[in-house]
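# Architecture at a glance
Chain residues, written in single-letter form:
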Amino acid sequence: MRHGSIPGARGRVRPLTLLGDPVLRAPCREVTAFGPELAALVEDLFATMYAAQGVGLAANQVGEALRVFVYDCPDDEDVRHLGHLVNPRLVTADGVVVRGPEGCLSLPGLEAGTERHDHAVVEGFTVTGEPVTVHGTGFFARCLQHECDHLAGRLYSDHLTGRRHRRLQRQVAKAPWSHHP
């Protein structure tokens with residue numbers, strides 16, 4: 001295998017941005033420069049995602065308010081989906097709404113039953129500026145919706161209501177990484 005063919009092999013692991021950091025709540029900026037800095041960011045995102053044992057990671061989760069995310073995520077048939085999207089746009093989220101466990105590397109160790117559509121289509125660009133369309137079903141559709149939410153300044157906890165929301169808020173308050181008093 002040639003050097004660098006594994007995503008993230010040339011990247012550096014960056015510190016994760018945790019709940020409470022304002023960069024997670026602000027909409028990210030469109031990428032306008034498709035060059036070596038963007039390629040390095042994508043490599044760093046892969047390296048950081050793998051180090052944290054995640055299936056997706058958005059740029060604002062490492063403190064970069066840019067519309068970029070990476071993924072290495074299975075669907076419900078255990079088919080692996082590996083890639084990245086620059087300036088993604090969620091064009092379709094439809095099908096059956098499924099409540100399933102959802103976590104986030106910016107809320108480490110926590111998860112909650114979150115409702116998402118079981119089909120999603122996202123359009124965007126590759127790191128070299130080529131247009132790309134990604135179709136996801138099942139767990140991968142959940143991942144695509146989750147990462148698109150990040151780039152809009154939303155977290156999975158924003159989809160929770162009632163008992164599930166209150167339970168997650170209590171867990172956040174007790175979490176050792178929490179910025180809450």
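Reading the values: rules and limits
- Note that residues are indexed from 1 along each chain, following the sequence as it is written.
- In view of the model being predicted, local features appear only for residues whose pLDDT reaches at least 70, and side-chain atom pairs are presented and counted only at 80 or more, with totals across whole chains, interfaces and linings using the full set of residues.
- Side-chain measures here rest on the full set of heavy atoms in the structure, leaving out hydrogens and waters.
- Only Phe, Tyr and Trp rings are paired, with Trp represented by its six-membered ring, and only when their centres lie within 6.5 Å; those with planes under 30 degrees apart are stacked, over 60 edge-to-face, the remainder tilted.
- Helix and strand assignments follow DSSP, with helices taken as H or I runs no shorter than four residues and strands as E runs no shorter than two, numbered in order from the N terminus.
- A helix is expected to span 1.5 Å multiplied by its residue count minus one.
- Each residue's exposure class comes from its accessible area (1.4 Å probe, protein chains only) as a fraction of the maximum for that residue type: buried when under 20%, exposed when over 50%, partly exposed otherwise.
- Being paired, for any two strands, means DSSP has found at least two bridges between them.
- Axis lines are fitted through C-alpha atoms, for helices just across the contact stretch, and the angle between N-to-C directions can take any value from 0 to 180 degrees.
- The definition of a polar contact used here is a pair of N or O atoms within 3.5 Å, where within protein one atom must be able to donate a hydrogen and the other to accept one, and adjacent residues in sequence count solely through side-chain atom pairs.
- Throughout, a contact is declared for two residues whenever any of their heavy atoms are within 4.5 Å.
- As defined here, a cavity is a set of points on a 1 Å grid over the protein atoms alone where a 1.4 Å probe fits but cannot get out. A pocket is an open set with protein on both sides within 12 Å along at least five of seven lines, and residues line them when an atom is within 4 Å of a point.
- Grid points are joined across faces, edges and corners, and a volume is the space filled by probe spheres set on the points.
- Side-chain classes follow a simple rule in which Ala, Val, Leu, Ile, Met, Phe, Trp, Tyr, Cys and Pro form the nonpolar group, Asp, Glu, Lys and Arg form the charged group, and the remainder, Gly included, forms the polar group.
- We call a pair of cysteine sulfur atoms a disulfide when they lie within 2.5 Å.
- Here a salt bridge means any side-chain nitrogen of Lys or Arg lying within 4 Å of a carboxyl oxygen belonging to Asp or Glu.

Take the packing of aromatic side chains next. This structure, assessed with the given rule, holds four aromatic pairs. Look at Phe46 and Tyr50: their rings are 6.0 Å apart centre to centre, the planes differ by 25°, and that puts the pair in the stacked class. With Phe46 and Tyr50 both in helix α1 (residues 36-51) and four residues apart, the pair spans about one turn of that helix. In this structure an aromatic cluster arises from ring pairing among Phe69, Tyr71 and Phe140.

This brings us to helix α2 (residues 138-151). Its 14 residues give α2 an end-to-end C-alpha distance of 21 Å, which sits within 8% of 20 Å, the value for a rise of 1.5 Å per residue. Among the 14 residues of α2, 13 are classified as buried, and the element is accordingly described as predominantly covered. One or two residues past the end of α2 sits Gly153, with phi positive at roughly 85°.

Sheets are built from strands that pair by backbone hydrogen bonding, the pairs being arranged parallel or antiparallel. An order of β1-β2-β3-β4-β5 is seen for the five strands of this open sheet, with the pairing classed as antiparallel. Each edge of the sheet is formed by a strand with only one pairing partner; in this case those strands are β1 (56-58) and β5 (131-137). Taken pair by pair, the neighbouring strands of this sheet meet at an average axis angle of 30°, ignoring direction. With seven bridges joining them, strand β2 (residues 68-74) and strand β3 (residues 80-103) adopt antiparallel strand pairing.

Within the secondary structure, His84 is located in strand β3. A distance of 2.8 Å separates a polar side-chain atom of His84 from the backbone nitrogen of Val127. Discounting chain neighbours no more than four positions away, the residues touching His84 are Val42, Phe46, Phe69, Val70, Tyr71, Phe125, Thr126 and Val127.

Let us now look at the side chain of Asp44. Note on placement: Asp44 falls in helix α1. Judged by its relative accessible area of 8%, Asp44 is buried. At 3.0 Å, the side chain of Asp44 and the side chain of Arg14 are in polar contact. With residues near it in sequence (within four places) discarded, Asp44 still touches Gly11, Arg12 and Arg14.

Our focus in this paragraph is the pairing of β5. Here strand β4 (residues 111-125) runs beside β5; their pairing, made up of seven bridges, is antiparallel. Within β5, the position partnered with Ala120 by the bridge is Gly136. Counting the residues in the hairpin turn of β4 and β5 gives five residues, including Gly129, whose phi is positive at 90°.

Let us now look at the layout of surface pockets. Estimated volume of the largest pocket: approximately 340 Å³. Mapped onto the lining of the largest pocket, the elements with two or more residues apiece are β3 and α2. No other element matches the five residues that α2 contributes to the lining of the largest pocket. Across the lining of the largest pocket, the residue classes break down as nine nonpolar, seven polar and four charged.

Mapping Glu130 onto the fold places it in the loop between β4 and β5. The spatial distance from the C-alpha of Glu130 to the C-alpha of Arg67 is 15 Å, given a sequence separation of 63 residues. Not counting residues up to four positions away in its chain, the partners in contact with Glu130 are Gly124 and Phe125.

Under the criterion given, the structure shown has zero disulfides. Looking at the unpaired Cys28, the closest cysteine sulfur is the one in Cys148, lying at 11 Å. With no disulfide of its own, Cys148 has Cys143 as its nearest cysteine by sulfur position, at a separation of 9.3 Å.

What follows is about the pattern of salt bridges. On inspection of all chains with the given rule, the structure shows twelve salt bridges. Between Asp149 and Arg154 there is a salt bridge; the shortest N-O distance is 2.7 Å. On the basis of relative accessibility, which here comes to 5%, the residue Asp149 falls in the buried class. What makes Arg154 partly exposed here is its relative accessible area of 39%. Overlapping salt bridges bring together Glu102, Arg116, Arg142, Asp149 and Arg154 as one network.

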